[in-house]
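Structural characterization, general
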Amino acid sequence: MAVSVYSGGGRSDGRGRGRYRPMAEINVTPMVDVMLVLLVVFMVTAPLLTVGVPLDLPKSSAAQLTEPKKPVVISLNREGELFIGDEKVSADDFAARLGALAAEAPNRIVYVRSDRANTYAQLMDTLGVVNHAGFAKVSLIAEAAPAK
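So, a few notes on the structure that sits alongside this text. In this text the structure is predicted, and so the values were computed from the model without any measurement.

Successive side chains on a regular strand alternate, one facing one side of the sheet and the next facing the other. Most of strand β1 (residues 72-76) sits out of view: four of its five residues are buried. Looking at chain direction, β1 and strand β4 (residues 110-114) are connected through five bridges and run parallel. Paired with V73 across the bridge in β4 is Y111. Where β1 meets strand β2 (residues 82-84), three bridges bridge the pair, whose relative direction is antiparallel. Bridging across to β2, L76 finds its partner in L82. Between β1 and β2, which pair antiparallel and follow one another directly, the connecting turn spans five residues, one of which, G80, has a positive phi of 85 degrees.

Below, the structure is given as structure tokens:
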């Protein structure tokens, strides 16, 4: 049987110095090793997640999906003049022009912009004409308020 006697670091003045002192440095080597192993694992598995099943797809006579048409932008300036895109349109011709655009693509999105000086009635009249033309997806455009 072996017995070991710890002498306390060679000092015997009773103050406890020379005994165990905590290490003030953190050993990051094991953490770096784990991170590198995880990096390699994810680099190997990431390309495997994007691979699809190889298939021989059948042919179809269905129409191809097309890109959605550009939205129609309607603007109502301070003087009450109407614009479709950048083109000025008279109030008499406005409904007919919108009807022609709705006949081409009724599911097209319409953005309505109005000057802040316009009344609620002017804006609602414009929205009524857009609705009667046959557009169902109408959005109002506003500027973002400045951050405080």
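Okay, the pairing of β4 next. Here three bridges tie β4 to strand β5 (residues 138-140), and the two strands are oriented parallel to one another. Each residue of the ladder has a partner; that of Y111, found in β5, is S139. The β-α-β motif built from β4, the intervening helix α3 (residues 120-133) and the parallel element β5 has right-handed crossover chirality.

There is a patch of nonpolar side chains on the surface, built from I26, V28, M31, V32, V34, M35, L36, L38, L39, F42 and M43 and spanning about 1,100 Å² of accessible area. As for its placement among the helices and strands, V32 is situated in helix α1 (residues 29-50). Taking relative accessible area as the criterion, V32 reaches 38% and is therefore assigned partly exposed.

With that settled, the discussion passes to the nonpolar core. By size, the foremost hydrophobic cluster in this structure holds 17 residues, and its most contacted members are I74, I84, F94, L98, V110 and F135. Counting only elements with at least two residues in this core, the list comes to β1, β2, α2 (91-104), β4 and α3. Leave out the neighbours within four places in its chain, and L98 touches I74, I84, V129, V130, A133 and F135.

Okay, the side chain of T126 next. Mapped onto the fold, T126 is located in helix α3. In this structure, T126 is in contact with I74, L76, L82 and F94, ignoring residues within four places of it in sequence.

For the structure on display, the rule yields three salt bridges. Here K88 ties to E81 by a salt bridge, and the two come within 2.9 Å at their closest N and O atoms. A salt bridge links E87 to R97, with the shortest nitrogen-to-oxygen separation between them at 3.1 Å. Of this pair, E87 sits in strand β3 (residues 87-89) while R97 sits in helix α2, placing them ten residues apart in sequence. For E87, a relative accessible area of 42% gives the class partly exposed.

We now examine the packing of α2 against α3. Where α2 meets α3, the axes come as close as 8 Å, and the angle between the chain directions of the two elements is 40 degrees. As judged from the angle between their axes, α2 and α3 are oblique. Between α2 and α3 lies a crossing whose hand is right-handed. Mapping the contact onto sequence places F94, A95, L98, G99 and A102 in α2 and T126, V129, V130 and A133 in α3.

As a further point, take the environment of V130. If you trace the backbone, V130 turns up in helix α3. The spacing of V130 and F94 is 36 residues in sequence and 9.3 Å in space, taken between C-alpha atoms. Once residues within four sequence positions are removed from consideration, V130 is found in contact with I74, L98, V110, F135 and V138.

Reading guide: rules and limits
Within each chain, residues carry numbers counting from 1 in the order of the written sequence. Owing to the predicted nature of the model, reporting of local features is limited to residues with pLDDT of at least 70; listing and counting of side-chain atom pairs is limited to 80 or more, with chain, interface and lining totals taken over all residues. Excluded from the side-chain calculations are hydrogens and water; all other atoms, namely the structure's heavy atoms, are used. Relative accessibility under 20% of the residue-type maximum defines a buried residue, over 50% an exposed one, and the middle range a partly exposed one, all with a 1.4 Å probe and only protein chains included. Put simply, DSSP marks the helices as runs of H or I at least four residues long and the strands as runs of E at least two long, and each gets a number from the N terminus on. Strands are treated as partners if at least two bridges between them are detected by DSSP. The handedness of a crossover follows from its direction of travel: if, with the strands pointing away from the viewer, the path from the first strand over the helix to the second runs clockwise, the crossover is right-handed. For patch detection, residues must exceed 30% relative accessible area and be free of salt bridges, and they are connected within 9 Å for like charges or within 5 Å for nonpolar side chains (Val, Leu, Ile, Met, Phe, Trp, Tyr). For the area figures, the Shrake-Rupley method with a 1.4 Å probe applies, and any residue is considered shielded solely by the protein chains shown. A carboxyl oxygen of Asp or Glu within 4 Å of a side-chain nitrogen of Lys or Arg is what we treat as a salt bridge. Put simply, buried Ala, Val, Leu, Ile, Met, Phe, Trp, Tyr and Cys residues joined by side-chain atoms within 4.5 Å make one nonpolar core. Residue contacts follow a heavy-atom distance rule, with two residues in contact if any of their heavy atoms lie within 4.5 Å. Where helices are involved, their axes are fitted lines through C-alpha atoms of the stretch in contact, as for all axes, and angles between N-to-C directions lie from 0 to 180°. Working definition: roughly parallel below 35 degrees, roughly antiparallel above 145 degrees, roughly perpendicular at 65 to 115 degrees, and oblique for all remaining angles. If you view the pair so one helix is near and one far, a crossing is left-handed when the near helix is turned anticlockwise from the far one by less than a right angle, and right-handed when it is turned clockwise.

None of this, on its own, says anything about what the molecule does.
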